[in-house]
Amino acid sequence: MRIFRLLGQLAVHSLAKGPLRRFVRQDEGAVAIEFALVALPFFLLLFAILETAMVFFVEQTLETATADAARLIMTGQAQQQGFDQSKFRDAVCDRISNLFNCKGELKVDVRKYTDFASAQTGKPVDQNGNLIQNFEYQPGCPGDIVVVRTLYQWSIYVPGLHLADSGGKRLLMATSAFRNEPYPSSGPC
């Protein structure tokens with residue numbers, strides 16, 4: 001507000017007397033003008049912080065739900081109960097149903113490997129950032145190495161944050177790699 005007074009005084013001294021001089025000396029709207037100058041950057045920063053925090057929170061929630069559901073495979077509970085890909089996705093969704101549109105959007109990829117070195121744990125995207133949808137469900141047998149990946153495309157609402165991968169969405173992915181426990185197996189693996 002002080003800067004506006006100084007500018008006003010300088011302008012008043014350089015202007016002739018009359019209605020223009022009275023207009024320049026008025027400082028009643030200075031606070032509103034200062035707020036207008038500061039409000040837009042402030043609210044952009046505020047929404048950027050909220051969006052970033054939400055992405056990290058949702059990603060951590062997906063990570064926790066994936067680890068909890070992967071334990072069903074590691075202990076053999078999923079195999080003994082005859083889980084398929086949709087039942088396993090439902091097990092993950094039961095842990096995160098309030099944050100996600102889980103039934104239609106969550107992708108689940110469960111694969112068994114011969115060793116940890118050959119396990120694929122990266123994001124399944126092409127060079128354009130599009131999701132490659134070749135998901136499988138292979139929970140394995142006792143002693144097998146299994147990698148569970150869950151993927152969800154989260155919508156980003158604040159533009160310009162560079163949080164979005166493609167199409168205004170960020171691909172969130174959680175991975176759990178483990179060796180199945182030696183649970184009692186009753187069928188072919």
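Now for a look at the structure at hand. These numbers come from a predicted model, not from an experiment. Numbers given for residues are sequential positions, taken from 1 along each chain in its written order. It should be noted that, the model being predicted, local features are given only for residues of pLDDT at least 70 and side-chain atom pairs only at 80 or more, the latter also being counted only at that level, while totals for whole chains, interfaces and linings use all residues. By convention in this description, side-chain values take in all heavy atoms of the structure and omit both hydrogens and water.

**Notes on the pattern of salt bridges**
Here's step 1: A pairing counts as a salt bridge when a side-chain nitrogen of Lys or Arg comes within 4 Å of a carboxyl oxygen of Asp or Glu. Scanning all chains against the criterion turns up four salt bridges.
Here's step 2: Between D109 and R149 there is a salt bridge; the shortest N-O distance is 2.7 Å. In this pair, D109 sits in strand β1 (residues 107-113) while R149 sits in strand β2 (residues 145-155), placing the two residues 40 residues apart along the sequence.
Here's step 3: On the basis of relative accessibility, which here comes to 4%, the residue R149 falls in the buried class.
Here's step 4: Ionic pairing is found between R111 and E136, a salt bridge with its closest N-O pair at 3.5 Å. For helices the rule is a DSSP run of H or I covering at least 4 residues; for strands it is a run of E covering at least 2, with both sets numbered from the N terminus onward. Using a 1.4 Å probe on the protein chains alone, a residue whose accessible area is under 20% of its type maximum counts as buried, one over 50% counts as exposed, and one in between counts as partly exposed.

**Some words on the state of the cysteines**
Here's step 1: Note on disulfides: each one is a pair of cysteine sulfur atoms within 2.5 Å. On inspection of all chains with the given rule, the structure shows one disulfide.
Here's step 2: In this model, C93 is linked to C102 through a disulfide, with the two sulfur atoms separated by 1.9 Å. Because the sign of the S-S torsion sets the handedness, a value of about -85 degrees for the bond joining C93 and C102 places this disulfide among the left-handed ones. Accessibility classification places C93 together with C102 in one group, the buried group.

**Points about the sheet that holds β1**
Here's step 1: Strand order across the open sheet formed by three strands is β1-β2-β3, with antiparallel pairing between neighbours. In this open sheet, the two strands that pair with only one neighbour each are β1 and β3 (169-179). Pairwise comparison of adjacent strand axes, ignoring direction, gives a mean angle of 15 degrees for this sheet.
Here's step 2: When β2 meets β3, the two strands line up antiparallel, connected through eleven bridges. When the bridges of β3 are listed, V146 appears paired with F178.
Here's step 3: Against the sheet, helix α3 (residues 30-74) makes contact with β1, β2 and β3, and its axis sits at roughly 30 degrees relative to β3, the strand it touches most.
Here's step 4: Residue contacts follow a heavy-atom distance rule, with two residues in contact if any of their heavy atoms lie within 4.5 Å. Geometry is summarised by axes, namely lines fitted to C-alpha atoms with helices restricted to the contacting stretch, and by angles between N-to-C directions that run from 0 to 180 degrees. Against the sheet, helix α5 (residues 85-96) contacts β1 and β2, and its axis sits at roughly 115 degrees relative to β1. A strand pair is defined by DSSP finding two or more bridges across the two strands.

**Quick word on the packing of aromatic side chains**
Here's step 1: Paired rings are identified among Phe, Tyr and Trp, the last through its six-membered ring, by centres lying within 6.5 Å, and are further divided according to the angle between planes into stacked (under 30 degrees), edge-to-face (over 60) and tilted (the rest). Scanning the model with the defined rule gives five aromatic pairs in all.
Here's step 2: Residues F42 and F43 carry aromatic rings whose centres are separated by 5.2 Å and whose planes lie at 70 degrees to one another, so their mutual orientation is edge-to-face.
Here's step 3: Judged by relative accessible area, F43 falls into the partly exposed class, the value being 37%.

**Topic: the nonpolar core**
One broad rule of soluble globular proteins: the nonpolar side chains tend to lie buried together.
Here's step 1: For the purposes of this section, nonpolar cores are sets of buried Ala, Val, Leu, Ile, Met, Phe, Trp, Tyr and Cys residues that join through side-chain atoms within 4.5 Å. Formed by 31 residues in total, the largest nonpolar core has its most connected members in I73 and F88.
Here's step 2: Those elements that place two or more of their residues in this core are α3, α5, β1, β2 and β3.
Here's step 3: No other element matches α3, which puts nine residues into this core.
Here's step 4: If we ignore the near neighbours within four places in the chain, the residues touching F88 are A69, A70, I73, F83, V108, V110, Y137 and V148.

These figures come from the coordinates and say nothing about function on their own.
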